[in-house]
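# What the coordinates show
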Amino acid sequence: MKIKQFFKNIWGWLKDHTPTRRRIVQLYVALLYNANIKGFINASIYTGKTKYVCLPGFNCYSCPGAIGTCPLGALQNSLESANTRTPYYVLGCIMLFGLICGRAICGWLCPVGLLQEFAYKAKTPKVKKSKWTRVASYLKYVILAVFVITIPIMYSFIGAQIPAFCKYICPVGTFEGSLVLMFDPANMADMGPLFTWKFSVLMVFIVCSMFFYRFFCRFFCPLGAIYGFFNKIALFGIEYDPETCTNCGLCLDKCKMDIKHVGDHECISCGECLPVCPVNAIKWKGDRFFLAPNAIETPLPEKKINLGEMVTKQEPVTSEPEISIEPIKHDRIRPEMVAKNPKPRTKLKKGWAIGIGVAMTVALASALVYYNFILKDEEGFEVGMHAPDASFDLIKSNGAMIDEPTTWTISEHYGTPTILNFWYTECQPCKAEMPEFREFYNKYSTDLDLIIIDAGDTRQECYDYISEPNGGVDWNSMNMDFAMDYDCEYSKKYNPTGYPLTIVLDGEGSIVGIENHAISISILEDYATKLGIAK
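Because the structure is a prediction, the values reported are computed rather than measured.

Before going further, it helps to spend a moment on a nonpolar patch on the surface. Judged by side-chain polarity, Ile 3, Phe 6, Phe 7, Ile 10, Trp 11, Trp 13 and Leu 14 come together as a nonpolar surface patch covering roughly 820 Å² of accessible area. Within the secondary structure, Phe 6 is located in helix H1 (residues 2-16).

This is how it looks when you write it as structure tokens:
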């Protein structure tokens, strides 16, 4: 009997600790979003074509394993050019995700939500939700309005680029990007005061997530704020039938989010409320299409609900009593009437279960194989290597704008030291270093070639931008050559480290130095010494 009881206890433990379908989906999505496993090993960021694809959940672009881009980061980057273009693509993606899933994305498809739930499992006192946390949950809408929308748009009109939320608040980039990349000693030199601030913010969020359920998600996440606007009209998610609902309050007690009712803008459609509803008033939208019959049941343990317990107390009468049933109040439901810690049951129809299972397996296996075994590593620039030859569309030369298509080729300038500076018109650090290059080139124009290459989309955009003073720079005074690297074809293919990017070549075309940040006249003078042309 003891052996039988032993195995029974083991089986009971395994049954109680079996991950829910939501947890399995969360783990799956986290791995799919970061399928580029070798990026973690090499401490490098993948910048291929799929990085232009917006993912539904929060997953930083700078994460070495990321195969797509964060919609919130993409939105800020696109709003930084709001003075010249409308970000239709990013806004369209976010609206599409919202219309399909709403905040169910937060509950099912966001790796950051998963990490917060793991942190909440720590054995610490828990801060329960209250009217104060409900008020605090509106802070994320303020952050959305100020840091995600207003600041990037305001700075775009003065030619600056400030992704305020990503730069100063977001802990995700610090956790998924910086902490991983810093294991490479070459990246340690970039750790400065901003990293110290962001690391401190990350620590605050991690600690608070141990005490508050989904601390970042509830109070600070602008992406969740956006998706919350779509909750009522989203195709997928949780809803309730107000006519069937008895207002017992059990769903509100079970939910750890700051909801006022099931399915409102704070609801992440986790499904935890489904099994506690005594009258099955809560359901999945469209459940008749994909859920099996009786997939969601209320698991009542030792006794069933007795309607007599819900009946309003009546004064004794001699005639036939009229039974009046009021909505159930919370204190009228005894704890033993609802199962302890019930798990959501969402059994899919057999066809749906098989189809979704196969599709998910194929998608994940294909991503892992492609990014880790088929996709070749991008060839990076290294000091001492010979720079790959390339031709660029010349925009301005010797101080004059060029209307007719003319090319500038690296190999044609062999024999003379050459500096290639890659920039783009919306990059404030890129524009800030232009006077430094002008001063340097005015001094060394007879000793080297210097070309400023716009990693942009269209020739006309660059032509119009530098044909007159713009972005705080007097482009007419610049006598360096300007050219185009369309869609970053050259610079990102060989060195996906961001902009500004400066590559210094000697007379034979070999790389003498690489700088992936704004540089000063003193740094340029150091290179003049290395090239043997210092004056």
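Further notes follow.
The subject of this paragraph is the state of the cysteines. Note on terminology: a disulfide is the covalent bond linking the sulfur atoms of two cysteines. Enumeration according to the criterion identifies one disulfide in this entry. The disulfide partner of Cys 427 is Cys 430, and the gap between their sulfur atoms is 2.4 Å. With the S-S bond torsion at 75 degrees, the cross-link from Cys 427 to Cys 430 turns out right-handed. One exposure class covers both Cys 427 and Cys 430, and it is buried. Of all cysteine sulfurs in the structure, the one in Cys 106 sits closest to Cys 110, which takes part in no disulfide; the separation is 6.3 Å.

Formed by 67 residues in total, the largest nonpolar core has its most connected members in Phe 58, Phe 165, Phe 216, Ile 238 and Ile 282. Aside from chain neighbours lying at most four places away, what touches Ile 238 is Val 262, Gly 263, Cys 267, Ser 269, Gly 271, Cys 273, Leu 274, Ile 282, Lys 283, Trp 284 and Lys 285. Phe 437, Phe 482, Tyr 499 and Ile 519 belong to the second largest nonpolar core, which has 53 residues in total.

What follows covers the pattern of salt bridges. As enumerated under the stated definition, the model contains 10 salt bridges in all. Residues Glu 117 and Arg 23 are paired through a salt bridge, measuring 2.6 Å at the closest nitrogen-oxygen approach. Here the residue Glu 117 occupies a position in helix H7 (residues 111-120), and Arg 23 occupies one in helix H2 (residues 21-33), the gap between them amounting to 94 residues. Taking the relative accessible area as the measure of exposure, Glu 117 reaches 4% and is therefore buried. Arg 23 sits in the buried class, given a relative accessible area of 15%. Here Asp 393 and Arg 459 are joined by a salt bridge, their closest N and O atoms 3.0 Å apart. With Asp 393 in strand S3 (residues 391-397) and Arg 459 in helix H20 (residues 459-466), this residue pair connects regions lying 66 residues apart in the sequence.

On to the pairing of S3. For S3, the buried fraction is high: six of the seven residues fall into the buried class. With three bridges connecting them, S3 and strand S5 (residues 407-409) associate as antiparallel partners. For Phe 392, the partnering residue across the bridge sits in S5 and is Trp 408. The pairing of S3 with strand S8 (residues 481-484) spans three bridges and is classified as antiparallel. Its bridge partner lying in S8, Asp 393 is registered against Met 484. The pairing of S3 with strand S4 (residues 400-401) spans two bridges and is antiparallel. Opposite Ser 397, over in S4, you have Ala 400 as the bridge partner. If you look at the hairpin formed by S3 and S4, you'll find two residues sitting between the two strands, and Asn 398 has a positive phi there, around 55 degrees.

Moving on, we get to H20. For H20, the complete set of buried residues consists of Arg 459, Cys 462, Tyr 463, Tyr 465 and Ile 466. Taken down its axis, H20 places every buried residue within 165 degrees of arc, on the same side. Capping of H20 at its N-terminal end is provided by Thr 458; its side-chain oxygen lies 3.3 Å from the backbone amide nitrogen of Glu 461.

Reading the values: the criteria
Residues numbered from 1 in each chain as written. Predicted model: local features only at pLDDT ≥ 70, side-chain atom pairs only at ≥ 80, totals over all residues. Heavy atoms only, no water. Patch = residues over 30% accessible without salt bridge, like charges linked within 9 Å, V, L, I, M, F, W, Y side chains within 5 Å. Areas by Shrake-Rupley, 256 points an atom, 1.4 Å probe, with all protein chains shown as cover. Salt bridge = Lys/Arg side-chain N within 4 Å of Asp/Glu carboxyl O. Helix = DSSP H or I, 4+ residues; strand = E, 2+ residues; numbered from the N terminus. Disulfide = S-S within 2.5 Å. Buried < 20%, exposed > 50% of the residue type's maximum accessible area, 1.4 Å probe, protein only. Core = buried A, V, L, I, M, F, W, Y, C linked by side-chain atoms within 4.5 Å. Contact = heavy atoms within 4.5 Å. Pairing = 2+ DSSP bridges. Arc of directions from axis to C-beta. Polar contact = N/O pair within 3.5 Å; in protein donor to acceptor, adjacent residues only side chain to side chain.

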